[in-house]
Amino acid sequence: MSLHGAKPRPPDRLYSRFTFSIGGCGRQHQRLHNLSMSAIGYGNLQLSFLSITDSEVLSVEPPDAIGALGGDAVRFEECDVTDTVVQYFGDVSGNLGNTFGWTQNGSRALRTRFLVADPVPLIPSYSYRDDYQFSWYGSYPQEWGALQRYSHLAESTVEYIRDVQLGSVNLTRTRFRPWLDRGNPIFFSNSTRIPPSIQLYNMQSGGTYSFGSYATECRFDFLWDADILESAVKRSQFRWARNVSEFPVPQSWSLSPPVNPSFWIALDSADNRSGFNQTMEDCVVCLRPAMSAGTVPAQLPTIANGSVVRNTSFFFANVSKCSDLYA
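Residues numbered from 1 in each chain as written. Predicted model: local features only at pLDDT ≥ 70, side-chain atom pairs only at ≥ 80, totals over all residues. Heavy atoms only, no water.

Q: Can you help me understand the environment of Val 284 in this one?
A: As for its position among the elements, Val 284 is in strand β27 (residues 284-287). Residues Val 284 and Lys 234, 50 residues apart in the sequence, show an inter-C-alpha distance of 10.0 Å. Not counting the four nearest positions on each side in its chain, Val 284 is found in contact with Ser 236, Gln 237, Phe 238, Ser 313, Phe 315 and Leu 325. (Helix = DSSP H or I, 4+ residues; strand = E, 2+ residues; numbered from the N terminus. Contact = heavy atoms within 4.5 Å.)

Here you go:
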């Protein structure tokens, strides 16, 4: 599927909303295998309550100039995604089920690659908006005693455009990296939005216990800011994406003091309702050094809200202790 056959469009052409949806009645019962699907500017893919394996998906949201016609570029609701390549431009979301009587645990991705596709070669005169998000949301059933029973993202790679939101998900050996390409519009817009961030946080409420996100042996390459809120991180790396220095930095990103703490750790480790120990342990953090001859201040960590941080090192990205990690 493509928008107007991937040809130049009349400026007054109107389009109806359209998504391409495939729904099942449970990831254990409905399976898609070896699916090859392209939605270039129209008919963005939405999957719900099924499993997809060994597949290739290309989905590019419509140009901003013609308006939102179908929501996320790719959306997974209570799905299992395994050994699949998802190329996209726009928003991606993994969501909890919203159907009474069915599971509400969130989607799982295993050995899956999410890669940004440059829309310009695919859609003539492509126009951008200024807020793009990769989001993955989940929950932990109250009866679970071991996190290992359900990984929302495992052994996967996520390339993202701007923001990453990880709400109450279990992450294992997964890498997050920004799309550092001259085609990324966030470096060339006049937006006054707050800086881009990777955020791990607690989105659950109610129940005996409360669960944030839990990351183990993951690597987070962040564009500008990072927030770890009411969550846990073990044996992981947070690294400023150093090649950002090769791009123009929007003025709204470099305000001093920053709009929000630029590397914010607020774990609330003493919370007796937490379903696991909300601590940061055995991690390495490579912070953003001062840029542009000191006019852009260095990034500093803010550790607050009773956070327990153990055996974790903080360096600037341009010192040898971090340089070895980038090799």
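Having seen the structure, we can now continue with the description.
Q: Explain the sheet that holds strand β10 (residues 92-95) here, please?
A: Across a sheet, strands are paired by hydrogen bonds formed along the backbone, either parallel or antiparallel in direction. Read from one edge of the open sheet, 10 strands run β1-β4-β7-β10-β13-β16-β19-β22-β25-β28, paired in parallel fashion. On the outer flanks of this sheet lie β1 (19-23) and β28 (301-304), each paired with one strand and no other. For this sheet the average axis-to-axis angle between neighbouring strands, irrespective of direction, equals 5 degrees. When strand β22 (residues 225-229) meets strand β25 (residues 263-266), the two strands line up parallel, connected through four bridges. Looking at the pairing, Asp 227 lines up with Trp 264 of β25. (Pairing = 2+ DSSP bridges. Axes fitted to C-alpha atoms, helices over the stretch in contact; angles between N-to-C directions.)

Q: How should the packing of aromatic side chains be read in this particular structure?
A: Under the definition given, this model contains 20 aromatic pairs. Note on Phe 211 and Phe 276: the rings are 5.8 Å apart at their centroids and 50 degrees apart in plane angle, and the pair reads as tilted. Taken together, the residues Phe 211 in the loop between β19 (197-201) and β20 (214-216) and Phe 276 in the loop between β25 and β26 (279-281) connect sequence positions 65 residues apart. Of the two residues, Phe 211 and Phe 276, both sit in the buried class. Among the aromatic residues, those joined into a cluster by ring pairs are Phe 176, Phe 220, Phe 222, Phe 238, Phe 263 and Phe 314. Looking at Arg 182, its charged tip hangs above the ring of Phe 247, at a distance of 4.5 Å from the centre. Positioned over the ring face of Trp 224 is Arg 288, at 3.8 Å from the centre of the ring. (Phe/Tyr/Trp six-rings, centres within 6.5 Å; stacked < 30°, edge-to-face > 60°. Buried < 20%, exposed > 50% of the residue type's maximum accessible area, 1.4 Å probe, protein only. Lys NZ or Arg CZ within 6 Å of the ring centre and 35° of its normal.)

Q: What should I look at first to understand the environment of Gly 94 in this one?
A: Positionally, Gly 94 belongs in strand β10. Sequence spacing of Gly 94 and Leu 166 is 72 residues, and the spatial spacing of their C-alpha atoms is 9.6 Å. Setting aside anything within four residues of it in sequence, one finds Gly 94 in contact with Phe 76, Ser 107, Ser 135, Trp 136 and Tyr 137.

Q: So what exactly am I meant to see when it comes to the side chain of Ser 107 here?
A: Positionally, Ser 107 belongs in the loop between β10 and β11 (108-110). Overall, the relative accessible area of 0% leaves Ser 107 in the buried class. Engagement of the side chain of Ser 107 in a polar contact is seen with the backbone oxygen of Phe 76, the distance being 3.2 Å. The contacts of Ser 107, once residues within four sequence positions are left out, are Arg 27, Phe 76, Glu 77, Glu 78, Cys 79, Gly 94, Asn 95, Trp 136, Tyr 137, Tyr 150 and His 152. (Polar contact = N/O pair within 3.5 Å; in protein donor to acceptor, adjacent residues only side chain to side chain.)

Q: Sorry, what's going on with the pattern of salt bridges here?
A: Where side chains of opposite charge bring their charged atoms close, a pairing between them can arise. Per the stated rule, a full pass over the model turns up 17 salt bridges. Notably, a salt bridge pairs Lys 234 with Glu 281, separated by 3.5 Å at the nearest N-O pair. Of the two residues, Lys 234 is situated in strand β23 (residues 232-234) and Glu 281 in strand β26; the sequence distance between them amounts to 47 residues. Given the relative accessible area of 11%, Lys 234 is considered buried. Classification of Glu 281 as buried rests on a relative accessible area of 19%. (Salt bridge = Lys/Arg side-chain N within 4 Å of Asp/Glu carboxyl O.)

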